[in-house]
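Coordinates in review
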Amino acid sequence: MGRETHDLMANAIRALAMDAVETAKSGHPGLPMGAADIATVLFTRFLKFDPTDPRWPDRDRFILSAGHGSMLLYAVLHLLGYPDMTMEEIKRFRQLGSKTAGHPEFGHASGIETTTGPLGQGLGNSVGMALAERILAAQFSGDVVDHFTYVLASDGDLMEGISQEAIALAGHLRLNKLIVLFDDNGITIDGKISLSDSTDQVARVKASGWNAVRIDGHDSEAIAKAIEAARQSDRPTLIACKTQIGYGAPTKANSEKCHGSPLGADEIKGAREKLAWGHAAFEVPANVLDLWRKAGARGASARKAWSERLAKLDGAKREEFARRMNGKLPSNLAATIRTVKEAASTKPEEVATRKASEISLEALVEALPEMLGGSADLTPSNNTKTKAMQPIAPGDFSGRFVHYGIREHGMAAAMNGIALHGGLIPYSGTFLVFADYCRPSLRLAAIMGQRVVHVFTHDSIGVGEDGPTHQPVEHLAALRAIPNMRVFRPADLTETAECWQCALEADGGPSVLALTRQNLPALRKRYVEENVSARGAYELSPASEKAQVSIFASGSEVSLAIAAQAALEKQGVPTRVVSVPSFELFRAQPESYRRLTVGNAPANVAVEAAIRLGWDELIGTDGVFVGMKGFGASAPAKDVYKHFGITAEAVVAATLKALGREAAAAGVKTAARS
């Protein structure tokens, strides 16, 4: 491709970007105009894709981590001929119901591999995608899994803390098929980057085991040469492309004035003149569009050749590959859960639910080869690694367990990327209190509807001696507040197995399993085939006669509720206990079931070693809550529970007070275990 042809194609991106932002009166024209040369080289000369089959499993992945420059991606997708990215959609940039949202949103249009906008997230996702590619290549063959992951990242992406977590992990694992194109324009919203940062990004990534080079981001041949070299590397590569933000804008280029605001009519007129683009708004001349469409068509032959290679795979292996890439679970999941539940009822054990999760995983990981485990350096505490699992290591991707290191945010973002790639179901662990470190990625998993499972252990003041810094009290409520997030807090081994089944079957969003450090008694001692936890809440123990009290509880506090029920029944107070493993699943039940489960007892009591927020949905604003009102304390778990009044005795006393009865609550034995 000659320079003149390249310029015509790149200028088409610039023109569409500035026209769309101007029409919307909102957006970021600077990055698309500055990075147009990079995108033109990448998409026309290197990226492997086919607009007629946008979900082709062996396509290269392109992630616009700098999501504010979304018009770059939309313009390229339109020019390449992706059927759903029409010119009408370009004209409707940032309008309600359009595919061209302010930041790229996964599922809105073909060719958008992930939702970006919160800076650094796309870079984190890319590590997961590149890792998934290597793992699947090891499992199925490099003949059918052999593609690159490309990222366009901004200064802001590299300034966010998550970037270091992602970069360090990718460098350690030598993910050599990950190539980051750094749009090094030196401008942020506030002005020159020198106002806030002086990091040598090339030296920084080299220190983490990457290759890194500096090039002129407007020199098409330099860009091509750098990408070609990166494709031959034995480690990930960062290409720092020195660009001019708003390239072509006569007075606003190379300044913050074109970063996040429309250029204005006069500036656009000047840009058209400077770029020699004498066409009306949203007009792409036929000869330029034809060049782009030919570039879009070049991947068809590669896809056909891949299909032929796939057809040569062993039939069973080919079917397994298709099943996993389509996100369908194997037919043996229910039977696997049944085996765990039957064993739990045959020999009831007193175990922590983190251990119950490990017991469940021993069966599940064997039955579901797509499950990919991990932990943020808390493997012995989270119990997420089964006996048969081997770790992923640099150069060896045959294992099924990822040691993410002390990188919770990077881990969560990578898990999103693994899920988005397809073929694997990522799950991983840390302490519940560190969910705060993961939250931006958790939220994006919910927005994108990705099946990722977070195993958050040490879920309450039951952590004990580690004290308030490690004792989550507000975290359950905060996680339950995220739309499309399922939060499970099981009470014993049977509920834990059922919650795992629910999480794996939830292919439209992420799940959290909040699990205890301390041992808990077996409560479901009789085998029931139905996954009762899937109802979200259910009557675990009925009252002896018409109930005067309903006690609702989750996780470790369900056993306290059972002990309180026994004491109240002895005092002539008919009491029922409702286990609530998932607010979200209960909320999804028919109204008739919800009314029946909540019941109409004169007094409703909830007990959870966390704050009250959210429980009024079940017990009402006049209900009694036994739980936390502030932060925890450092002491053995039993002492902490007693200190904060989360005991069976306290539940009994609060219940009797609510009923207006005077009775002694002393002597009640609690089933809580530390």
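Because the structure is predicted, anything quoted here is derived from the model rather than measured. (Residues numbered from 1 in each chain as written. Predicted model: local features only at pLDDT ≥ 70, side-chain atom pairs only at ≥ 80, totals over all residues. Heavy atoms only, no water.)

Let us now look at the overall build of the chain. In terms of regular secondary structure, the chain is built from 27 helices and 20 strands. On C-alpha atoms alone, the chain measures out to a radius of gyration of 28 Å, which is about the 26 Å that the 2.2 N^0.38 rule sets for 674 residues. Along the first, second and third principal axes, the C-alpha set of the chain runs to 90 × 55 × 45 Å. Per-residue burial over the chain gives 61% buried out of 674 residues. Long-range contacts, defined here as pairs at least 24 residues apart, represent 78% of the contacts in the chain between residues at least 6 apart. Surface accessibility of the chain: about 24900 Å² in total, with carbon and sulfur atoms responsible for 51%. (Helix = DSSP H or I, 4+ residues; strand = E, 2+ residues; numbered from the N terminus. Rg over C-alpha atoms; globule rule 2.2 N^0.38 Å. Buried < 20%, exposed > 50% of the residue type's maximum accessible area, 1.4 Å probe, protein only. Contact = heavy atoms within 4.5 Å. Areas by Shrake-Rupley, 256 points an atom, 1.4 Å probe, with all protein chains shown as cover.)

On to the sheet that holds strand E16 (residues 538-541). Within the open sheet, the 5 strands sit side by side as E16-E18-E17-E19-E20. Their pairing is mixed. Two strands close off the open sheet at either side, each with one partner strand: E16 and strand E20 (624-626). Taking each pair of neighbouring strands and ignoring which way they run, the sheet shows an average axis angle of 30 degrees. Note: E16 against strand E18 (residues 575-579), 3 bridges, orientation antiparallel. (Pairing = 2+ DSSP bridges. Axes fitted to C-alpha atoms, helices over the stretch in contact; angles between N-to-C directions.)

For the structure on display, the rule yields 5 cavities of 30 Å³ or more. Approximately 90 Å³ is the volume attributed to the largest cavity. Lining the largest cavity, in full, are Phe43, Leu47, Phe49, Pro54, Arg59, Asp60, Phe62, Leu73, Leu77, Tyr82, Gly111 and Glu113. Taken together, the residues that form the lining of the largest cavity break down as 8 nonpolar, 1 polar and 3 charged. Space inside the second largest cavity adds up to approximately 70 Å³. Along its surface, the second largest cavity is lined by Ala344, Pro348, Glu349, Val351, Asp492, Leu493, Thr494, Leu520, Pro521, Ala522 and Arg524. Classifying every residue of the lining of the second largest cavity gives 7 nonpolar, 1 polar and 3 charged. (1 Å grid on protein atoms, 1.4 Å probe; cavity = no way out; pocket = protein on both sides within 12 Å on 5 of 7 lines; lining within 4 Å. Points joined across faces, edges and corners; volume = space filled by probe spheres on them. Nonpolar A, V, L, I, M, F, W, Y, C, P; charged D, E, K, R; others polar.)

Under the counting rule described, the total for this entry stands at 13 aromatic pairs. Geometrically, the ring pair formed by Tyr427 and Trp500 is edge-to-face, given 5.5 Å between the ring centres and 85 degrees between the ring planes. Here Tyr427, found in strand E11 (residues 425-431), pairs with Trp500, found in helix H21 (residues 493-505); they are 73 residues apart in sequence, far enough to count as distant. Accessibility classification places Tyr427 together with Trp500 in one group, the buried group. Taken together, a centroid distance of 4.8 Å and an interplanar angle of 85 degrees make the contact between Phe583 and Trp615 edge-to-face. One end of the pair, Phe583, is in helix H23 (residues 583-587); the other, Trp615, is in the loop between strand E19 (603-607) and helix H25 (616-619), and 32 residues separate them in sequence. Relative accessible area serves as the criterion here: at 6%, Phe583 is assigned to the buried category. The structure contains a cluster of three or more aromatic residues connected by ring pairs, namely Phe43, Phe49, Phe62 and Tyr82. If you follow Lys177 out to its NZ or CZ, it ends over the ring of Phe148, 4.7 Å from the centre. (Phe/Tyr/Trp six-rings, centres within 6.5 Å; stacked < 30°, edge-to-face > 60°. Lys NZ or Arg CZ within 6 Å of the ring centre and 35° of its normal.)

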